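A structural walkthrough
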Amino acid sequence: MSYDSNPYAAPRNSYEAAAAFAAESERTAFIRRTYAHLGAAILAFAAIEFLLFAIIPTETMDGMLGMLAGNRFGWLIFLGGFMVVGWVARSWAQSDASVGKQYLGLSLYVVAEALMFMPLLYIANAYCGGDVIASAGVLTLIIFGGLTLVTMVTKVDFSGIGSYLAWGGILAMGVIVAAIFFQFSLGMWFSVAMIGLASGYILYDTSNVMLHYRTDQHVAASLALFASVAVLFWYVLRLLMSLNSRD
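Residues numbered from 1 in each chain as written. Predicted model: local features only at pLDDT ≥ 70, side-chain atom pairs only at ≥ 80, totals over all residues. Heavy atoms only, no water.

**Brief notes about helix H4 (residues 99–127)**
Between its first and last C-alpha, H4 extends 42 Å over 29 residues, near the 42 Å set by a 1.5 Å rise per residue. Approximately 40° is the largest bend angle found in H4, and it occurs at Met-118, with the proline Pro-119 only one to four residues beyond. (Helix = DSSP H or I, 4+ residues; strand = E, 2+ residues; numbered from the N terminus. Expected span 1.5 Å × (residues − 1). Bend = angle between axes of the 7 residues up to and from the residue.)

Here's what the structure looks like:
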């Protein structure tokens, strides 16, 4: 799991149209819609994962993992496909042409994330147990909630860190590709660094929700937040799996 290069560019809105300059009632309604959509996306993600694990036999999952592990280009193809789908989904979610197209983009991204997570969740459940997944979920929500509270209470505009986060994402992607080509383990500290990067994106995205998105862009705003939460969950889970393997 990684970020696309510059995946969440700040919305290009005029200041007059931004949420920060909207009426209080409009801004409040926009924020509520955004986080309601985020919650729905998280619940849909969990439901899709539950369904996938219920209908896909263990032997099939083992075979899929064997194919990915046996071919070092398998993960590159898998990751590349996810990035293409992610780009399409974001472009649809940020579209002004059709509300239906925006929802289609969000739905596509949630399904893509669920498929991307499936191998990691299977390995975590098989070798570390379901408690590790639950712990990662709870810890992710605690971190997300804390960062959201910091942004809302301090009212600091974190949109200025977007370029640094984008370069961090590009660097992380380079490390991941190098690890696949040269077959070395990324290790626990890479997960820690990626948790930091994902946390930075949550500050950035939350700040954009508070200040820069238009009040009719709740679908695009919820997709950006969901993507950052998903990356945070991915690397929190990887970190807990690494710690569990050391016990």
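**A word on unusual backbone geometry**
Of note, Lys-155 is a non-glycine position whose phi angle comes to about 60°, a positive value. Its place among the elements puts Lys-155 in the loop between helix H5 (130–154) and helix H6 (162–182). The exposed category is assigned to Lys-155, whose relative accessible area is 66%. (Buried < 20%, exposed > 50% of the residue type's maximum accessible area, 1.4 Å probe, protein only.)

**A look at H5**
For H5, spanning 25 residues, the distance from its first C-alpha to its last is 36 Å, which sits close to the expected 36 Å at 1.5 Å a residue. Of all the residues in H5, the buried ones are Val-132, Ala-136, Thr-140, Phe-144, Leu-147, Thr-148 and Thr-151. Lys-155 sits one or two positions beyond H5 and adopts a positive phi of about 60°.

**Structural notes on the pattern of salt bridges**
With the rule as written, the count across this model stands at one salt bridge. For Asp-216, the salt bridge goes to Arg-214, with nearest N and O atoms at 2.9 Å. A residue is classified by how much of its surface remains accessible, and Asp-216, at 41% relative accessible area, is partly exposed. With relative accessibility at 19%, the residue Arg-214 sits in the buried group. (Salt bridge = Lys/Arg side-chain N within 4 Å of Asp/Glu carboxyl O.)

**Focus: the packing of aromatic side chains**
Where two aromatic rings form a pair, the distance of their centres and the angle of their planes describe that pair. Under the counting rule described, the total for this entry stands at eight aromatic pairs. Aromatic pair Phe-53 and Tyr-122: ring centres 6.4 Å apart, planes at 15°, arrangement stacked. Here Tyr-122 lies in helix H4 and Phe-53 lies in helix H1 (residues 24–55), a separation of 69 residues in the sequence. Residue classification places Phe-53 among the partly exposed positions, given a relative accessible area of 31%. A centroid spacing of 5.0 Å and a plane angle of 80° characterise the contact between Phe-117 and Trp-234, whose relative ring orientation is edge-to-face. You can see Phe-117 sitting in helix H4 and its partner Trp-234 sitting in helix H8 (residues 218–246), a full 117 residues away along the chain. For the pair Phe-117 and Trp-234, one class covers both residues: buried. Members of the aromatic cluster, connected to one another through ring pairs, are Phe-45, Tyr-109, Phe-117, Phe-226, Phe-233 and Trp-234. (Phe/Tyr/Trp six-rings, centres within 6.5 Å; stacked < 30°, edge-to-face > 60°.)

**Quick notes on the nonpolar core**
Counting residues in each nonpolar core, the largest one holds 59 residues, and the members touching the most others are Tyr-35, Val-209, Tyr-235 and Leu-237. Sorting the residues of this core by element identifies H1, H4, H5, H6, helix H7 (187–211) and H8 as the ones contributing at least two each. A per-element tally of this core places H8 first, with 19 residues. Once residues lying within four places of it in the same chain are set aside, the contact partners of Tyr-35 are Phe-144, Thr-148, Met-152, Thr-206, Val-209, Met-210 and Leu-225. Membership of the second largest hydrophobic core comes to five residues, among which are Leu-52, Ile-56, Met-118 and Tyr-122. (Core = buried A, V, L, I, M, F, W, Y, C linked by side-chain atoms within 4.5 Å. Contact = heavy atoms within 4.5 Å.)

**Examining a nonpolar patch on the surface**
A cluster of nonpolar residues, Val-138, Leu-139 and Ile-142, forms a patch on the protein surface that exposes about 260 Å² of accessible area. According to the relative accessible area criterion, Leu-139 is partly exposed, its value standing at 35%. (Patch = residues over 30% accessible without salt bridge, like charges linked within 9 Å, V, L, I, M, F, W, Y side chains within 5 Å. Areas by Shrake-Rupley, 256 points an atom, 1.4 Å probe, with all protein chains shown as cover.)

**Side note on the side chain of Gln-217**
Of note, Gln-217 is situated in the loop between H7 and H8. For Gln-217, the side chain forms a polar contact with the main-chain nitrogen of Arg-214, separated by 2.9 Å. (Polar contact = N/O pair within 3.5 Å; in protein donor to acceptor, adjacent residues only side chain to side chain.)

**Describing the environment of Gly-129**
For Gly-129, the location among the structural elements is in the loop between H4 and H5. Separated by 112 residues in the primary sequence, Gly-129 and Met-241 place their C-alpha atoms 9.6 Å from one another.

**A few points about the environment of Gly-168**
As for its position among the elements, Gly-168 is in helix H6. Residue class for Gly-168 comes out partly exposed when judged on its relative accessible area of 22%. In this structure the C-alpha to C-alpha distance between Gly-168 and Ala-193, which are 25 residues apart in sequence, comes to 9.8 Å.

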